[in-house]
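Commentary on secondary and tertiary structure
If you want the building blocks of each chain, they are given just below.
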Amino acid sequence: KEKVQDAVVSGRLIKYSYKNKDDLNLPIKLSYDYEGKNFLSKAGRMRVLPQFASFDTSAVAKEARRYPLELGQPNVNESFFDIELPENFSLKYLPDTVNSLSPWLDCLMSYTLEGRHLKMYQRWVQKTRQVPKDEYRAFKKFAEDLAIKLDEHIVLEQSDGQKK
């Protein structure tokens, strides 16, 4: 329920499921179905969806480091989002796919429209536990560039005569 509240104000969890919890050779898969109000930010007749991916740049706030930067345990994290568009809305802007690769981590964020369904796929691959001191400046540039690329939003437009 907390995950739903993070995504949608006054959200209501409809269904929650998980798979592969007993098999360490398979990734754990969590699925949420929910509904809620105020998921879209209003901008006149336009509606702006929340940002689906971001990269926290607080770890690269320093210009230089005296020690390696700890990233944590290497891992892979995938997320899928499927949003059904209301009939009275059309797609106005869909961000381009972001596919950023580095020696430390990879990020893929793709957006597609299939019929009335907006589909977003996100994949993060952290490849290493730490960034060596001598690679920090390159990592800092990669992280800051990635954060800028991911700062995109899907925009919908409300049809004439419809109020919602």
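Within any chain, residue numbers begin from 1 and follow the written order of that chain's sequence. Only residues with pLDDT of at least 70 get local features here, since the model is predicted, and only at 80 or more are side-chain atom pairs given and counted; chain-wide, interface and lining totals rely on the full set of residues. Note that the side-chain values use all heavy atoms of the structure and ignore hydrogens as well as water.

Some words on the overall build of the protein
Secondary structure elements are defined from DSSP: runs of H or I of at least 4 residues count as helices, runs of E of at least 2 residues count as strands, and each element is numbered from the N terminus. On a plain count of helices and strands, the protein comes out with two helices and twelve strands. Going from N to C terminus, the protein has its helices and strands arranged as α-β-β-β-β-β-β-β-β-β-β-β-α-β. Dimensions of the protein, computed from the C-alpha atoms along their principal axes, are close to 60 × 40 × 25 Å. We call a residue buried when its accessible area falls under 20% of the maximum for its residue type, exposed when it is over 50%, and partly exposed in between, using a 1.4 Å probe and counting protein chains only. Within the protein, the proportion of its 164 residues that are buried is 28%. Intrachain contacts of the protein at a sequence separation of at least 6 include 69% that bridge at least 24 residues. We get accessible surface area from the Shrake-Rupley algorithm with a probe of 1.4 Å; when it comes to residues, only the shown protein chains can shield them. In the form shown here, the protein has an accessible surface area of approximately 11300 Å², with 50% of it arising from carbon and sulfur atoms. In what follows, a contact means two residues having at least one pair of non-hydrogen atoms within 4.5 Å.

Considering the confidence of the model for the protein
For the protein, the mean per-residue pLDDT works out to 87, and 91% of the residues sit at or above 70. In the model of the protein, helix α1 (residues 2–7) stands out as the element of lowest mean pLDDT, 56, in contrast to strand β8 (residues 98–100), which has the highest, 97. Summary of the metric used: pLDDT quantifies the predictor's per-residue confidence within the range 0 to 100.

So, unusual backbone geometry
At Asn-20, a position not held by glycine, the phi torsion is positive, near 70 degrees. Looking at the secondary structure, you find Asn-20 in the loop between β1 (12–19) and β2 (29–35). Taking the relative accessible area as the measure of exposure, Asn-20 reaches 31% and is therefore partly exposed.

Comments concerning the sheet that holds strand β10 (residues 117–126)
Pairing within the open sheet is antiparallel, and its four strands lie in the order β6-β10-β9-β8. Taken across any chain shown, the strands that pair with only one partner, and hence form the sheet edges, are β6 (75–84) and β8. Within the sheet, the average angular offset between the axes of one strand and its neighbour, ignoring direction, is 10 degrees. Strand pairing is assigned whenever DSSP identifies at least 2 bridges connecting the two strands. Relative to β10, β6 runs antiparallel, the two being bridged by ten bridges. Pairing of Glu-78 across the sheet is with Arg-123, part of β10. Angles run from 0 to 180 degrees between N-to-C directions of axes, and those axes are lines fitted to C-alpha atoms, restricted for helices to the stretch in contact.

A short note on the environment of Glu-157
Tracing the backbone through its elements, the reader meets Glu-157 in strand β12 (residues 155–158). In this structure Glu-157 comes out as buried when scored by relative accessible area, which is 18%. Along the primary structure Glu-157 and Cys-107 are separated by 50 residues, whereas in three dimensions their C-alpha atoms are 29 Å apart. Excluding anything up to four places from it in sequence, Glu-157 contacts Arg-45, Met-46, Asn-88, Phe-89, Ser-90 and Lys-92. In protein, a polar contact means a hydrogen-donor-capable atom and an acceptor-capable atom, both N or O and within 3.5 Å, with residues adjacent in sequence counting only if both atoms are side-chain atoms; elsewhere, any N or O pair within 3.5 Å suffices. Polar side-chain contacts of Glu-157 include one of 2.9 Å to the side chain of Arg-45.

Thoughts on the sheet that holds strand β3 (residues 41–43)
The strand order across the open sheet formed by four strands is β3-β4-β12-β7, and the pairing between neighbours is antiparallel. The sheet is open, and its two borders are formed by β3 and β7 (89–93), each paired with just one other strand. Neighbouring strand axes in the sheet, compared pairwise and without regard to direction, differ in orientation by 35 degrees on average.

Focus: helix α2 (residues 136–150)
Spacing of three or four residues puts side chains on the same side of an α-helix, whose turn is 3.6 residues. Expected helix span is given by 1.5 Å per residue-to-residue step, counting one fewer step than there are residues. Between its terminal C-alpha atoms α2 stretches 21 Å, which fits the 21 Å expected from 15 residues at 1.5 Å a residue. Listing the buried residues of α2 in full gives Tyr-136, Phe-139, Lys-140, Phe-142, Ala-143, Leu-146, Ala-147 and Leu-150. End-on view of α2: buried residues confined to an arc of 165 degrees, all on one side of the axis. For α2, exposure combined with an orientation more than 90 degrees from the buried face picks out Arg-137, Lys-141 and Ile-148. Elements in contact with the buried residues of α2: β5 (69–70), β8, β9 (105–114), β10 and β11 (130–131). Directions pointing from the helix axis toward each C-beta atom define the arc.

Let's talk about a nonpolar patch on the surface
The grouping of Tyr-16, Tyr-18, Ile-28 and Leu-30 at the surface amounts to a nonpolar patch, some 430 Å² of accessible area in total. Inspection of the secondary structure puts Tyr-18 in strand β1. In this structure Tyr-18 comes out as partly exposed when scored by relative accessible area, which is 46%. A patch consists of residues exposed above 30% relative accessible area that lack any salt bridge, with like charges linked at up to 9 Å and nonpolar side chains (Val, Leu, Ile, Met, Phe, Trp, Tyr) linked at up to 5 Å. For this analysis, a salt bridge means a side-chain nitrogen from Lys or Arg found within 4 Å of a carboxyl oxygen belonging to Asp or Glu.

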